[in-house]
Every structure is written in structure tokens, then in C-alpha cells.
Amino acid sequence: MLTLKDGAKHPTGFYMNELGVPLKALIDAGYTPVFADPEGNTPTMDSGSDKQALFASEEEYNQVKALLNSCDQLKHPSALSKIASGDLNQYSGIFIPGGHAPMEDLWKDPSLGKILRHFHEKKQPTAMICHGPIALLSSLDSPESFVSAMEKDKSTKPKGNWIYSGYKMCVFSDEEEKPNEPGKLGGYMLFYPQDALKAAGGEMSEAAPRQSNVVQDHELITGQNPFSDKKLAATLLEALAKQKK
């Protein structure tokens with residue numbers, strides 16, 4: 001559930017195409033996915049994302065839905081703390097899908113922060129789409145203090161040096177988010193991902209709503225919205241291939 005202003009709650013989860021399209025591309029390319037979330041709980045799909053209109057064709061929609069329904073690893077993810085305490089060198093890259101779910105917990109998860117710092121240090125592909133890039137805040141020294149201060153003053157700067165400061169990136173934009181309030185969401189966001197990443201030091205790129213936008217800077221690959229799924233997947237695969245060489 002996504003916590004909104006005034007304590008309202010909105011059902012959420014991962015977006016079907018934002019996870020499924022890159023996941024299928026990675027598997028087709030021979031990669032073995034390892035799933036993780038904060039508690040090691042079976043993730044929930046945002047019911048609003050289960051629609052063919054987000055896919056290139058009915059065939060692609062059916063293929064992705066079948067993949068997600070049959071993926072046992074997805075139903076039994078590891079806890080992020082377990083991944084963070086293990087050998088991170090065994091992984092080739094990291095991918096975080098969207099949906100509003102990352103706005104609830106990933107941005108302040110210390111284990112994810114440790115994982116991101118590892119991939120940053122190793123310069124390994126780090127890809128995120130839609131609301132997923134908000135998870136980058138977990139690599140701050142004190143993400144909760146930063147967000148609390150940023151809600152009151154957008155010019156707030158984080159304490160310490162953020163590893164992604166000055167990176168070009170994109171995320172689900174304010175222009176795309178605000179029309180959902182309060183109707184579709186049932187309330188107002190506690191904070192907007194675009195505002196938070198900009199305040200933290202990100203150099204934000206913004207395309208028009210419903211237009212694909214993928215930005216790559218060093219190891220970081222970000223996609224703005226659900227319509228960026230294929231380009232993000234292709235960019236991630238290209239980065240992984242270069243890493244192998």
C-alpha cells in the first residue's frame with residue numbers, strides 16, 4: 001500500500017510491463033534473474049497495469065503475463081538484507097521496476113542503499129524505470145531526514161556526498177503524476193519523485209507525458225514512464241554486453 005498525505009492508503013505494486021518487458025528481454029538474452037524486496041514477501045502487481053494497451057501487441061501482453069504467472073522465483077524473492085550481506089560480486093547488474101511501490105519503502109531501505117553503492121563503485125549497470133529511480137535515495141546517508149526536510153523546502157540539500165549527484169536521470173514526472181491526484185490515487189503524494197531526485201542533486205531529463213525517455217549516465221540507466229520499457233530493456237542489455245567484453 002502507498003501512504004498518501006493525511007494517512008490515506010492506495011493499493012499499489014509493480015507495473016506489469018515495467019517488470020515483465022525488461023525481465024523477458026533479460027531471460028531471452030541468457031541472464032538468470034534473482035528477485036529481492038525489503039521483506040522477502042511475494043510482490044503484488046498493480047492491478048491497473050494489467051492491460052494490453054501498455055504492450056506493443058496482444059501477443060506480447062500474453063507472453064509477459066504468462067512469464068510473470070509462471071515465474072516461481074518472483075513468487076519467492078529474497079530479502080534485500082540477505083542479498084546485501086552476501087557476495088554482491090556474483091551479480092552482473094541491478095534492475096528496479098516501477099509502479100508506486102518504490103515510493104513506499106525502497107527509497108529508504110538501507111540494504112538497497114548498500115547494494116547500490118556496490119554497483120556504483122564497480123560501475124555495473126544499474127537500471128530503473130518510472131517510479132523505480134526514487135530508490136536511488138536509499139544510497140544517501142540519511143534518506144528519511146532528507147525527504148522530511150525536502151517536503152518543507154525543495155531547495156534542501158542532502159547531508160554528505162550523494163554518489164549520483166550530477167548524474168543525468170529521469171523519473172515519472174510531476175506533469176505525469178499530478179493528474180492522478182486525488183482521483184486515481186484517492187489522495188495526494190507525500191512527495192514527488194522528480195522533485196526529490198532534483199533536490200538530491202540529480203540532473204533531471206523530462207519528456208512529454210506518454211513519450212518514451214531513457215537516460216544513460218555512467219552505470220545508471222533510467223526510464224521515465226511505462227512507455228520507456230523497451231528502450232530501457234535494450235539499453236540495459238547493451239550495457240551488460242559491454243561489461244562482458
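Whatever comes next refers back to the structure up there.
> Before we move on, could you go through the overall build of the protein and cite the residues and values that matter?
Broken down by element type, the protein carries nine helices and 10 strands. For the protein, the spread of C-alpha atoms along the principal axes amounts to about 45 × 40 × 35 Å. In the protein, which comprises 245 residues, the share counted as buried stands at 53%. The long-range share in the protein, meaning contacts at least 24 apart out of those at least 6 apart in sequence, stands at 74%. Carbon and sulfur atoms provide 48% of the accessible area of the protein, an area that totals close to 11700 Å². Side chains of the protein carry 26 positive and 32 negative charges; the gap between the two charge centres is 3 Å.

> Which residues make up the pattern of salt bridges, and what values go with them?
If the charged atoms of two oppositely charged side chains come close together, the side chains can form a pair. By the definition in use, this model includes five salt bridges. The closest approach of N and O atoms between Lys230 and Glu60, which form a salt bridge, is 3.0 Å. Taken together, the residues span a long stretch of sequence, with Lys230 in helix 9 (residues 229-244) and Glu60 in helix 2 (residues 58-70) at a distance of 170 residues. Note that Lys242 is salt-bridged to Glu238, the shortest N-O span being 3.6 Å. Here the residue Lys242 and the residue Glu238 both occupy positions in helix 9, the gap between them amounting to four residues, near one helical turn.

> Lay out the sheet that holds strand 5 (residues 94-96) with the relevant residues and their values.
The strand order 5-6-10-9 describes an open sheet built from four strands, whose pairing is mixed. Bordering the open sheet on either side are strand 5 and strand 9 (214-217), each of which pairs with just one other strand. Sheet twist, expressed as the average angle between the axes of neighbouring strands with direction ignored, equals 10 degrees. As paired strands, strand 6 (residues 126-129) and strand 10 (residues 220-223) are joined by four bridges and run parallel to one another. Across the sheet, Met128 pairs through a bridge with Thr222, a residue of strand 10. Its contacts with the sheet place helix 5 (residues 110-122) against strand 5 and strand 6, and it is angled at close to 135 degrees to strand 5.

> Summarise the packing of aromatic side chains; cite the residues concerned and give the values.
Under the defined criterion, the tally for this structure stands at four aromatic pairs. Judged by centre distance (5.4 Å) and plane angle (80 degrees), the ring pair of Trp107 and Phe191 falls under edge-to-face. Remark: Phe191 occurs in the loop between helix 7 (174-177) and helix 8 (193-200) and Trp107 occurs in the loop between strand 5 and helix 5; sequence separation between them is 84 residues. Per residue, the accessibility class of Trp107 equals that of Phe191, and both read buried. Each residue in the set Trp162, Tyr164 and Tyr167 is aromatic and connected to the rest through ring pairs, giving one cluster.

> Residues and numbers for the nonpolar core, please.
One broad trend across soluble globular proteins is that nonpolar side chains are buried collectively. Among the nonpolar cores identified, the biggest contains 39 residues, and Leu137 and Trp162 are the most heavily contacted of them. The set of elements that each furnish at least two residues to this core consists of helix 4 (80-85), strand 5, helix 5, helix 6 (143-152) and helix 8. Apart from residues no more than four positions distant in its own chain, Trp162 is found in contact with Leu136, Leu137, Ser139, Leu140, Met169, Leu197, Ala200, Gly201 and Gly202. Of all hydrophobic cores here, the second largest spans 28 residues; its members include Tyr15, Leu74, Val214 and Ile221.

> Explain the packing of helix 1 (residues 16-28) against helix 2 residue by residue, including any values.
Remark: helix 1 packs on helix 2, axes separated minimally by 9 Å, with the N-to-C direction vectors making an angle of 85 degrees. With respect to each other, helix 1 and helix 2 are oriented roughly perpendicular. Contact residues: helix 1 offers Met16, Leu19, Gly20, Val21, Leu23, Lys24 and Ile27, while helix 2 offers Glu60, Tyr61, Gln63, Val64, Lys65, Leu67 and Leu68. Of the residues that constitute the contact of helix 1 with helix 2, the class distribution is nine nonpolar, two polar and three charged.

> Go over the pairing of strand 10 with me, naming the residues and quoting the values.
Here strand 10 shows a buried face lined by Leu220 and Thr222 and a second buried face lined by Ile221 and Gly223. As judged from the four bridges shared by strand 9 and strand 10, these two strands associate in the antiparallel manner. What sits directly across from Gln216, in strand 10, is Ile221. Joining the antiparallel neighbours strand 9 and strand 10 is a turn of two residues, in which His218 adopts a positive phi near 55 degrees.

> If you had to explain helix 2 to someone new, which residues and values would you point to?
With 13 residues, helix 2 ought to run about 18 Å at 1.5 Å a step, and its terminal C-alpha atoms sit 18 Å apart, in line with that. Residues of helix 2 that are buried include every one of Glu60, Tyr61, Val64, Leu67 and Leu68, and no others. Along the long axis of helix 2, the arc covered by the buried residues comes to 135 degrees, so they all point the same way. For helix 2, the exposed residues set more than 90 degrees away from the buried face come down to Glu59, Asn69 and Ser70. Next to the buried residues of helix 2 lie helix 1, helix 3 (72-75) and helix 9.

Thresholds, definitions, all that
Position numbers for residues count from 1 along each chain, tracking the sequence in the order it is written. Per-residue local features of the predicted model are confined to residues with pLDDT of at least 70, and side-chain atom pairs are confined, for both listing and counting, to 80 or more; whole-chain, interface and lining totals are unaffected and use all residues. For the side-chain quantities, the full set of heavy atoms in the structure was used; hydrogens and water were omitted. Strands are runs of DSSP state E lasting at least two residues, helices are runs of H or I lasting at least four, and both sets are numbered from the N terminus onward. Exposure is judged per residue with a 1.4 Å probe applied to protein chains only, and the accessible area is read against the type maximum: over 50% gives exposed, under 20% gives buried, and values in between give partly exposed. By definition, residues are in contact when any of their heavy atoms lie within 4.5 Å. Note on areas: Shrake-Rupley with a 1.4 Å probe; residue coverage comes only from the protein chains shown. Just so you know, the count uses Lys and Arg for positive and Asp and Glu for negative, and it drops His and the chain ends. Charge positions are represented by NZ for Lys, CZ for Arg, CG for Asp and CD for Glu. Basic side-chain nitrogens of Lys or Arg form a salt bridge, by our definition, when they fall within 4 Å of a carboxyl oxygen of Asp or Glu. A pair of strands is considered paired only if DSSP assigns at least 2 bridges between the two. The convention used is that axes are lines fitted to C-alpha atoms, helices contributing only their stretch in contact, and that angles between N-to-C directions extend from 0 to 180 degrees. When the centres of two rings from Phe, Tyr and Trp lie within 6.5 Å, Trp using its six-membered ring, the rings pair. Their planes under 30 degrees apart give stacked, over 60 give edge-to-face, and anything left gives tilted. Definition of nonpolar core: a set of buried residues of the types Ala, Val, Leu, Ile, Met, Phe, Trp, Tyr and Cys, connected through side-chain atoms within 4.5 Å. In this scheme, roughly parallel covers angles under 35 degrees and roughly antiparallel covers those over 145, while 65 to 115 is roughly perpendicular and the rest are oblique. Three classes are used, and their members are as follows: Ala, Val, Leu, Ile, Met, Phe, Trp, Tyr, Cys and Pro are nonpolar, Asp, Glu, Lys and Arg are charged, and the others, Gly among them, are polar. Each residue after the first adds 1.5 Å to the expected span of a helix. Here the arc refers to the set of directions running from the helix axis out to each C-beta atom.

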